[in-house]
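Given next are the chains, with one letter for each unit.
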Amino acid sequence: MEKGTPYVLQVRPKIPARLARLEELANNLWYSWDRPTRALFARLHPGLWKATGQSPKAFLKRVDERLLLEAAEDQVFIGNFNRVLAAYDTYHDHRLPSGGADWLQKDDLIAYFCAEFGFHESFPIYSGGLGILAGDHCKAASDLRLPFVGIGLLYRQGYFHQTIDGEGNQIATNSDSHFDDLPITPAKRSDGSEAYTSVDLPNRKLNIKIWQARIGHITLYLLDTDLESNNAHDRDITHRLYGGDKVMRMEQEIVLGIGGVRALHELGLKPSVWHINEGHAAFLVLERVRQKISNEGLDFAAALENVSANTIFTTHTPVPAGHDHFSEGMMQAYFEAYYPGLKLSRDEFLALGRNRNSSEFNMTALAIRGTRFHNGVSRIHGDVSSNICGDMWQEIEHDENPMTYVTNCVHAPTFLATEWIEVLERHLGSEWSARMNDVSFWERVDDIPDHLFWSVRQSLKAKMLNMVRERISAQHFRNHGSEAHLDRLLKYVNPENPNILTIGFARRFATYKRATMLFGDLDWLREILHNEQRPAVFIFAGKAHPADIPGQDLIRRITQISKMPEFIGKILMVEGYDLALARKLVAGVDVWLNNPLYPLEASGTSGMKAGLNGTINLSVLDGWWGESYDGKNGWAIKPVSEMLSEEVRTREETSTLYELLQDQVVPLYYDHGKMGFSPNWVKMSKRSMATIMPRFNSKRMVGEYLAKCYLPASKQYRLYKQNQFENSRTMAVWKAKVRQSWHGVTIRRLDTAIGEIRFGDKLQFQVGVNLNGLSPGDVVVEMLLGLQTKRHNMKQQRRYHFEATGTDNEAGETLFALEVEPELCGKLEYRIRVYPYNETLTHPFELGLMRWL
């Protein structure tokens, strides 16, 4: 044992003046999607680059100064450095035309709140899909030059690192990040001092430091409670992502929602549009309402109208149980002192988060009540969310309520492999990145010669296999495996012979994703895999939450099957799933497998990343794949009836999976032509890229948010703010009047129904509406007319508005009349309804009130 006390001394190199801007590159997460920038650092010292987790900032603290001095005199390095700087400066040149920011006003600012952000493995403040989606949203907002800031939490520990032992047990380890190694700096006030804010917790004040990170053009602000002025418990609030109990979750969400609003105020930022990405940040509604009451003299109802009019809520959760909720006692403990600031009683406050099925405070219910723009993250998930949240608009049919959808997408520059860029520029032209959303343009992928397309695919596959071999080898030797057995494990993942069909499955190991569905009938699977002429290998990767025992059981099951003699080397479970491995897998495998239990995959984005690299999807028709699959760009497992048990559904869909593998996937891959590959496989691979790139890249997604949410929210912000918030007050009074009167509103038909007419004839309709104190201008009386089909899906449906005649009948009903000349022939169906309406409403059905005849 060495004697004495070890002291640590950090010696930082002095960066030569000629390379001074390396620090600027290291402090902008632009490097997370610009591979030449990352390659620049890697060239200096590949081993150190890998050891520092590909973190430019950590790398620059540790690299030998001699290497920097040599690089400053190396003309090749300087040439690469200058090219990177030229690209960086061009991207950040504010004189270039924006990609959408010009739609907004000069003083507009979008504030995007999320509990996690995933940009790059060097910045570990994410766990999975939600974080990567949020990171891609920010990157696309930067690409489009939107006035945009992100707000999140700065986790010192982030999500866990995963190893898997010889029995398939997941071992979770956590390590603290050194903030000096992260691409962050303290946020500053206008006077140059470091920015802090605070929130109130029971019997104490919690101090919060504000950090910032640059992501291209935009800024991400991150909140940190690990301060000496806080007690030990409070310092841990932002310590670990998704760690701890309900208390920790509550306190993290208070910091994110309430602390986030106060942080922006502290920095002098005044967003005109607010976006709550998942319910974790919904408390921001309460803080903004409190500030409106305190600063503008509004009452609660007017303040809520003002706040909600420019706020968007995106839900990513496909099941009711997935929404955060807290007990009434817990809400009382944390918010009792908050009620007076909102001018609410305890019951009025708790009602903001209540839904019909539970007395607990539901964060999704709060988010919906505090926003006027609501969306799911795929077409299918939008329908699911309309049903789950339908009670928030009780009298509105689910397909008409305010819940819509914007399908998640991925940031193509981050996930499109570098090898494709030269090919795309040569065969599609240098404008390919500017025309990323142009569907017809991407049909030109067909012009890429088959042999060249296949060559790129094989090159990507070889790189992926290299990484898989490295990780499997490290895993194997750590678990005391033998050299001889390793050779058997790696027999089918040989980068020098990347001609074996390779199928990938990599994602979070939650039970609904059914990672082990492939093993439902091992005899059938043996039959598929036991063909020496047409071998196939399945590569699995992914983490289960440390508290999710059933999810960890899936990893154990895969490991057990991979050890069966007939499956050795053909089923591989790779540990340590992270962004670096994900990028290699999505680009390198031949087929991307996804088999969730319908309709529990809200969107899914890994298949998009695979598809835009020419990998072919084999997936259940759920989430995004329900919109993308066209019969020629991959394979689909059609979900069986939801009326059946989960066991039966899984068994039936497993049979479909085996049939597809046996009859279509394997034969197509090995249907080699004279060039040594399958031309029809390449055709489908090209179709995958051509159809997925223009529709599922995040520039298109953020562009849709801009058109569907951000721009209308910006207009509502101005409308509800003008004349000292006159419209906010007026709307609150009007809604109160409508709610008070609505119980007595009725509608009655006064004309006699006619069953048959000739085309061109006109029909006269008259109804009497008991308005119960409302005026005719407070409502719309409407007819829906369309071809007779199912009640919830009238085809070619048209809407006709009745006009008030200006008279009342003896029963005190206001008369409304309509003349209609049907434009369709056949058996038509019509329905008549009345609902409250005001031209300043954000959504016509936001009150959730309607009466049908």
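Refer to the structure above for everything that follows.
Residues numbered from 1 in each chain as written. Predicted model: local features only at pLDDT ≥ 70, side-chain atom pairs only at ≥ 80, totals over all residues. Heavy atoms only, no water.

A few points about helix α2 (residues 35-44)
Note the threshold: A 1.4 Å probe rolled over the protein chains alone gives each residue an accessible area, and that area as a share of the maximum for its type sets the label: buried under 20%, exposed over 50%, partly exposed in between. Secondary structure elements are defined from DSSP: runs of H or I of at least 4 residues count as helices, runs of E of at least 2 residues count as strands, and each element is numbered from the N terminus.
Counting buried residues along α2, 7 of its 10 residues qualify, which places the element largely inside the surrounding structure. Looking only at α2, the buried set comprises Arg35, Thr37, Arg38, Leu40, Phe41, Ala42 and Leu44.

Side note on the environment of Ile125
As for its position among the elements, Ile125 is in the loop between β1 (110-113) and α7 (129-143). Assessed through its relative accessible area of 1%, Ile125 is described here as buried. In the structure, Ile125 is positioned 116 residues away from Leu241 in sequence and 7.2 Å away in space, judged by C-alpha atoms.

Notes on the packing of aromatic side chains
Selection criterion: For Phe, Tyr and Trp, rings pair up if their centres lie within 6.5 Å, where Trp contributes its six-membered ring, and each pair is then called stacked (planes under 30 degrees apart), edge-to-face (over 60) or tilted (otherwise).
Within this structure, the stated rule accounts for 38 aromatic pairs. With centroids separated by 6.1 Å and ring planes inclined at 55 degrees, the aromatic side chains of Trp454 and Tyr669 adopt a geometry described as tilted. With Trp454 in helix α19 (residues 450-478) and Tyr669 in helix α26 (residues 646-669), this residue pair connects regions lying 215 residues apart in the sequence. Like Tyr669, Trp454 is buried.

Digging into the pattern of salt bridges
Heads up, the condition is: In what follows, salt bridge is the name for a side-chain nitrogen of Lys or Arg lying within 4 Å of a carboxyl oxygen of Asp or Glu.
Counted under the stated rule, the structure contains 53 salt bridges. Asp180 serves as the salt-bridge partner of Arg12, at 3.4 Å between the closest nitrogen and oxygen. A residue pair is termed long-range when its members are at least 10 positions apart, and Arg12 in the segment before α1 (22-26) and Asp180 in the loop between β4 (170-173) and β5 (185-186) qualify at 168 residues. On the basis of relative accessibility, which here comes to 48%, the residue Arg12 falls in the partly exposed class. By relative accessible area, which is 45% here, Asp180 ends up partly exposed. Put simply, Glu194 and Lys209 hold a salt bridge, and the shortest N to O gap is 3.3 Å. Residue Glu194 is located in the loop between β5 and β6 (196-201), and its partner Lys209 is located in strand β7 (residues 204-215); the two are separated by 15 residues in the primary sequence. Each of Glu305, Arg372, Lys735 and Glu846 takes part in one network of salt bridges that share partners.

Focus: the sheet that holds strand β25 (residues 803-808)
Our working definition: At least two bridges found by DSSP between two strands are what make those strands a pair. To obtain each axis, a line is fitted to C-alpha atoms, and for helices this fit is confined to the stretch in contact; angles are then taken between N-to-C directions over 0 to 180 degrees.
Strands sit in the order β21-β22-β26-β25 across an open sheet of 4 strands; the sheet is antiparallel. Since the sheet does not close on itself, it has two edges, and those belong to β21 (746-749) and β25, each with one partner. For this sheet the average axis-to-axis angle between neighbouring strands, irrespective of direction, equals 30 degrees. Summarising the sheet, strand β22 (residues 763-770) and strand β26 (residues 814-820) pair through 7 bridges and their orientation is antiparallel. Directly across from Gln764, in β26, lies its bridge partner Glu819.

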